[in-house]
Amino acid sequence: MQELIVTNEERIDSYLSKNLDISRSKASKLILDNVLVNGKKVKNSYIVKKDDKITISEYQEEEIKAVPEKMDLDILYEDDDVIVVNKANGMVVHPAIGNTNHTLVNGLLYHSKELSKNNGEFRPGIVHRIDAYTTGLLMIAKNDKAHEILAKQLSEKKTYRKYIALVWGVINNDTGTIDAPIGRDVNDRKKMAVKADGKEAITHFKVLKRYKTATLIELRLETVYGKRKLIDDTGQCLHAKALGFNHPKTGKYMEFECDLPECFTNILKKFEEEI
């Protein structure tokens, strides 16, 4: 049994879709058999109001299966314990409801029969993730012990992660630190927002170049959220350029870098033309 207290006025199917992170059609099916508002059945078109109580009875989630899929992966390093991969723009990291194919996990399953199982059946090997429209480096665990050690390094902030980002607006400071806790937006569960009770999110930045309407920056960060589209359909300009960690078996420090992808450099060229 799950309960939600409504925070804004909205159609119930839309509200459930955002707050449960499911499709609107899936929300509509739930409303038919598994949802009560203030103890009563309602239609998909019902408008929930602030402080309404939505009760959701137990339901069976759609089964997600990750299957091997042949694809070209840009692998920078691989041994018996870890893979370092340069993820392409637009590639989702792992399968989810409504998106079960063409993900990084599908490609990894085809590439290697040995991947950690710590994150479940449809996220084998995935220690950390980046958004579909973020490019760059990810470390993949090939066994459960390696996964456990790498995940601990991440949680204890012992890994090195450097990003390059193009952001709207001209930043005047050459360097700085942003310290603002991040959590789910109370009005839209699919969005993130600065919240007093959110998770710690500290980002150190350094300006690399200023344009008329944007700034190219280097980031040392925990979390980044931004617009998906900057100029066209190539996605947000956020690239995980460098990744460093201690090898889960040998303990030796390893560091990797990858160049900016073509989709990113093409957008930079457009800004260069404005100078």
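Residues numbered from 1 in each chain as written. Predicted model: local features only at pLDDT ≥ 70, side-chain atom pairs only at ≥ 80, totals over all residues. Heavy atoms only, no water.

**Student:** Pulling in residues and values, what's your account of unusual backbone geometry?
**Tutor:** The backbone of H102 sits at a positive phi, close to 65°, despite the residue not being glycine. Position of H102 among the secondary structure elements: in the loop between strand 7 (82-87) and helix 3 (104-111). Positive phi, normally seen in glycine, also occurs at K157, with a value near 60°. (Helix = DSSP H or I, 4+ residues; strand = E, 2+ residues; numbered from the N terminus.)

**Student:** Which residues make up the confidence of the model for the protein chain, and what values do they have?
**Tutor:** Chain-level statistics for the protein chain give a pLDDT mean of 86 and a share of 86% at 70 or above. In the predicted structure, residues 225-231 sits below a pLDDT of 50 and forms 17 contacts with residues beyond four places in sequence or in another chain. (pLDDT = per-residue confidence, 0-100. Contact = heavy atoms within 4.5 Å.)

**Student:** Quick one: what's the story with the pattern of salt bridges, residue by residue and with numbers?
**Tutor:** On inspection of all chains with the given rule, the structure shows 15 salt bridges. Linking D13 and R24 is a salt bridge whose minimum nitrogen-to-oxygen distance equals 3.3 Å. On the criterion of sequence distance, the pair formed by D13 in helix 1 (residues 12-20) and R24 in helix 2 (residues 24-33) is long-range, its members being eleven residues apart. Classification of D13 as buried rests on a relative accessible area of 3%. The salt bridge partner of K249 is D81, with a shortest N-O separation of 3.4 Å. (Salt bridge = Lys/Arg side-chain N within 4 Å of Asp/Glu carboxyl O. Buried < 20%, exposed > 50% of the residue type's maximum accessible area, 1.4 Å probe, protein only.)

**Student:** How would you explain the side chain of T215 if you had to name every residue and give the values?
**Tutor:** Mapped onto the elements, T215 comes out in strand 14 (residues 214-220). For T215, a relative accessible area of 0% translates into the label buried. In this structure, T215 is in contact with A165, L166, V167, G169, V170, I171, V207, K209 and R210, ignoring residues within four places of it in sequence.

**Student:** Account for the nonpolar core, with residues named and values stated.
**Tutor:** Grouped together as the largest cluster of nonpolar side chains are 20 residues, with contacts concentrated most on L104, L108, I126, L138, I140, Y163 and L219. Those elements that place two or more of their residues in this core are strand 7, helix 3, strand 8 (135-141), strand 9 (160-168), strand 13 (202-210), strand 14 and strand 15 (238-246). Top element by residues in this core is helix 3. It accounts for three residues. When near neighbours in sequence (up to four residues on either side) are disregarded, I126 contacts V93, V105, L108, N119, I140 and H147. By size, the runner-up hydrophobic cluster in this structure holds 16 residues, among which are I12, L16, A27 and V42. (Core = buried A, V, L, I, M, F, W, Y, C linked by side-chain atoms within 4.5 Å.)

**Student:** Tell me what's going on with the environment of G39, and back it up with residues and numbers.
**Tutor:** Take G39: it is sitting in the loop between strand 3 (35-37) and strand 4 (47-48). Taking the C-alpha atoms as reference, G39 lies 10.0 Å from D52; in sequence the two are 13 residues apart.

**Student:** How would you summarise the sheet that holds strand 5 (residues 53-56) if you had to cite specific residues and measurements?
**Tutor:** Read across the open sheet, the three strands follow the order 1-5-3; overall the sheet is antiparallel. In this open sheet, the two edge strands, each paired with only one partner strand, are strand 1 (2-5) and strand 3. Mean inter-strand twist for the sheet, computed between neighbouring axes without regard to direction, equals 20°. Where strand 3 lies against strand 5, three bridges are found, and the strand directions are antiparallel. Across the sheet, residue V37 finds its bridge partner in strand 5, namely I54. (Pairing = 2+ DSSP bridges. Axes fitted to C-alpha atoms, helices over the stretch in contact; angles between N-to-C directions.)

**Student:** Account for the side chain of K142, with residues named and values stated.
**Tutor:** Tracing the chain through its elements places K142 in the loop between strand 8 and helix 4 (144-155). Residue class for K142 comes out buried when judged on its relative accessible area of 10%. A polar contact is formed between the side chain of K142 and the backbone oxygen of D79, at a distance of 3.1 Å. Other than its neighbours up to four places away in sequence, K142 contacts E78, D79, D80, D81, V82, I83, S112, E114, L115 and S116. (Polar contact = N/O pair within 3.5 Å; in protein donor to acceptor, adjacent residues only side chain to side chain.)

**Student:** Tell me about the packing of helix 1 against helix 2, and name the residues and values.
**Tutor:** Look at helix 1 against helix 2: their axes get within 8 Å of each other, and the N-to-C directions meet at 115°. Relative to helix 2, helix 1 is oriented roughly perpendicular. The hand of the helix 1/helix 2 crossing is right-handed. Counted together, I12, D13, S14, L16, S17 and L20 of helix 1 and R24, A27, S28, L30 and I31 of helix 2 form the full contact between these two elements. By residue class, the composition of the contact of helix 1 with helix 2 is six nonpolar, three polar and two charged. (Parallel < 35°, antiparallel > 145°, perpendicular 65-115°, else oblique. Left-handed = near helix turned anticlockwise from the far one by under 90°. Nonpolar A, V, L, I, M, F, W, Y, C, P; charged D, E, K, R; others polar.)

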